[in-house]
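# Descriptive analysis of the structure
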Amino acid sequence: MNPIRLFNYVTPKGEQVKQLRAEKPSTTQLLLMYVLPLSLIPSVMMYLRLYHHYPKLFLDNLPGDRLVLVSAELLFLQIAVILAMSWITQNLAEMVDVKPTFRDSLLMITIATMPLWLTSFFYLVPSLSFNVLVHGIAVLASIMLVYRGVRYIFSIRERGAIATLTLAIVCTAGLGFAVVMIGSMISWEAIEQLQFAVKKS
């Protein structure tokens with residue numbers, strides 16, 4: 001697994017284009033070697049952050065460690081959203097008369113999501129303003145990667161078509177990642193209510 005290598009697909013040099021097209025990873029390789037390991041980063045970072053700063057919230061009243069459940073849910077939500085976004089992107093491309101394969105759509109979405117996955121390392125920095133800044137930069141980087149993915153992975157050359165498809169993908173992706181956040185918050189709320197019920201009894 002070499003995530004940096006994937007960036008070659010959105011920054012190809014002239015002589016690399018044909019070679020990269022022939023060497024694209026399969027859907028299974030993308031899922032097992034890139035999506036799954038990278039999706040673990042936010043889950044593990046969130047676990048470490050909350051475990052070290054709020055241990056009593058989870059360990060005082062209920063047996064076991066509920067953070068594992070929340071982290072596992074976040075992991076599965078991420079993978080589900082990535083797969084859903086890849087399928088949606090594949091269908092959105094039809095509005096500019098392009099029919100990419102699911103593999104190409106998954107490749108582009110995986111590359112575009114990398115900055116967001118990698119900035120999760122900064123969860124350990126106890127500064128909200130710093131994390132907001134870092135994640136804002138990551139979002140801008142992801143938008144740029146979507147633009148370049150549409151151009152190079154989908155092989156679209158018309159600027160209008162690239163801009164239209166990029167905007168559609170970014171807007172849809174925003175909704176997708178909102179689902180991840182809302183799902184995590186709902187899970188968190190359910191755990192807190194369960195803890196309150198245990199305390200009350």
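Because the structure is a prediction, the values reported are computed rather than measured. Every chain is numbered on its own, with residues counted from 1 as its sequence reads. Local features in this predicted model are restricted to residues of pLDDT 70 or higher, and side-chain atom pairs are both shown and tallied only at a pLDDT of 80 or more, whereas totals for entire chains, interfaces and linings draw on every residue. Where side-chain values are given, they derive from all heavy atoms of the structure, hydrogens and water being excluded.

### Observations regarding the overall build of the chain
To keep it simple, the criterion reads: Labels follow the DSSP assignment, with helices taken as runs of H or I lasting at least four residues and strands as runs of E lasting at least two, numbered in each case from the N terminus. Whether two residues are in contact is decided by their heavy atoms: any pair within 4.5 Å suffices.
Check the secondary structure of the chain and you find 8 helices and 0 strands. Taken from N to C terminus, the helices and strands of the chain fall in the order α-α-α-α-α-α-α-α. Sequence-distant contacts in the chain: of pairs separated by 6 or more residues, those separated by 24 or more amount to 72%.

### With respect to the packing of aromatic side chains
Two descriptors summarise a pair of aromatic rings, namely the distance from one centre to the other and the angle between the planes of the rings. Rules: Two rings from Phe, Tyr or Trp (for Trp, the six-membered ring) form a pair when their centres are within 6.5 Å of each other. A pair whose planes differ by under 30 degrees is stacked, one over 60 is edge-to-face, and the rest are tilted. Partly exposed residues are those whose accessible area sits between 20% and 50% of the maximum for their type, while under 20% is buried and over 50% is exposed, using a 1.4 Å probe and protein chains only.
In the structure shown here, the tally under the stated rule is 1 aromatic pair. Here Phe122 and Phe130 contribute two aromatic rings whose centre-to-centre distance is 5.5 Å and whose plane-to-plane angle is 65 degrees, an arrangement assigned as edge-to-face. Judged by its relative accessible area of 33%, Phe122 falls in the partly exposed class. Classification of Phe130 as partly exposed rests on a relative accessible area of 31%.

### Quick word on the nonpolar core
To be explicit about the condition: Remark: nonpolar core denotes a set of buried residues (Ala, Val, Leu, Ile, Met, Phe, Trp, Tyr, Cys) joined through side-chain atoms within 4.5 Å.
One finds Ile156, Leu165 and Ile169 to be the most contacted residues of the largest nonpolar core, which totals 38 residues. Of all the secondary-structure elements, those providing two or more residues to this core are helix H3 (27-53), helix H5 (66-92), helix H6 (102-118), helix H7 (128-152) and helix H8 (159-200). By residue number, the principal contributor to this core is H6, which donates 8 residues. In this view, Ile156 contacts Val96, Val98, Val150, Arg151, Ala161, Ile162 and Leu165; residues no more than four positions away in its chain are not counted.

### Let's talk about unusual backbone geometry
Phi at Asp97 takes a positive value of approximately 60 degrees, unusual for a residue other than glycine. The residue Asp97 is located in the loop between H5 and H6 in this model. Among the residues examined, Asp97 registers a relative accessible area of 74% and is labelled exposed. The residue Ser155 is not glycine, and still its phi comes out positive at about 55 degrees. Its location among the elements puts Ser155 in the loop between H7 and H8.

### Concerning H6
What counts is decided by this rule: Working rule for helices: expected span equals 1.5 Å times residues minus one. Each residue is assigned a bend, namely the angle between axes fitted to the seven residues that terminate at it and the seven residues that start at it.
For H6, built from 17 residues, the straight-helix expectation of 24 Å at 1.5 Å per residue is met to within 8% by its first-to-last C-alpha distance of 24 Å. Of all the bends in H6, the greatest, near 30 degrees, is centred on Ala112, and the proline Pro115 appears no more than four residues after it.

### Let's talk about H7
Its 25 residues place the ends of H7 36 Å apart at the C-alpha level, agreeing with the 36 Å of an ideal helix rising 1.5 Å per residue. Among the residues of H7, Asn131, Val134, Ala138, Ser142, Leu145, Val146, Gly149 and Val150 are the ones counted as buried.

### Some points on the environment of Phe122
The residue Phe122 is located in the loop between H6 and H7 in this model. Taking the C-alpha atoms as reference, Phe122 lies 9.6 Å from Pro42; in sequence the two are 80 residues apart. Once you skip the residues sitting within four places of it in the chain, Phe122 turns out to touch Phe130, Asn131 and Val134.

### Brief notes about a nonpolar patch on the surface
Stated precisely, the cut-off is as follows: A residue counts toward a patch only above 30% relative accessible area and without a salt bridge, and it is joined to like-charged neighbours within 9 Å or, for Val, Leu, Ile, Met, Phe, Trp and Tyr, to nonpolar neighbours within 5 Å. Here the accessible surface of atoms and residues is derived via Shrake-Rupley with a 1.4 Å probe, and residues count as covered only by protein chains that are part of the display. Basic side-chain nitrogens of Lys or Arg form a salt bridge, by our definition, when they fall within 4 Å of a carboxyl oxygen of Asp or Glu.
A cluster of nonpolar side chains, contributed by Leu32, Met33, Leu36, Leu40 and Val44, occupies part of the molecular surface with about 400 Å² of accessible area. Position of Val44 relative to the elements: it lies in helix H3. Residue class for Val44 comes out partly exposed when judged on its relative accessible area of 39%.

### A look at the pattern of salt bridges
One pass over the structure, following the stated rule, counts 1 salt bridge. In this structure, the salt-bridge partner of Lys24 is Asp104, at a minimum N-O distance of 3.0 Å. Taken together, the positions of Lys24 in the loop between helix H2 (17-22) and H3 and Asp104 in helix H6 put the pair 80 residues apart, joining distant regions of the chain. On the basis of relative accessibility, which here comes to 15%, the residue Lys24 falls in the buried class. Here Asp104 falls in the buried class, since its relative accessible area comes to 10%.

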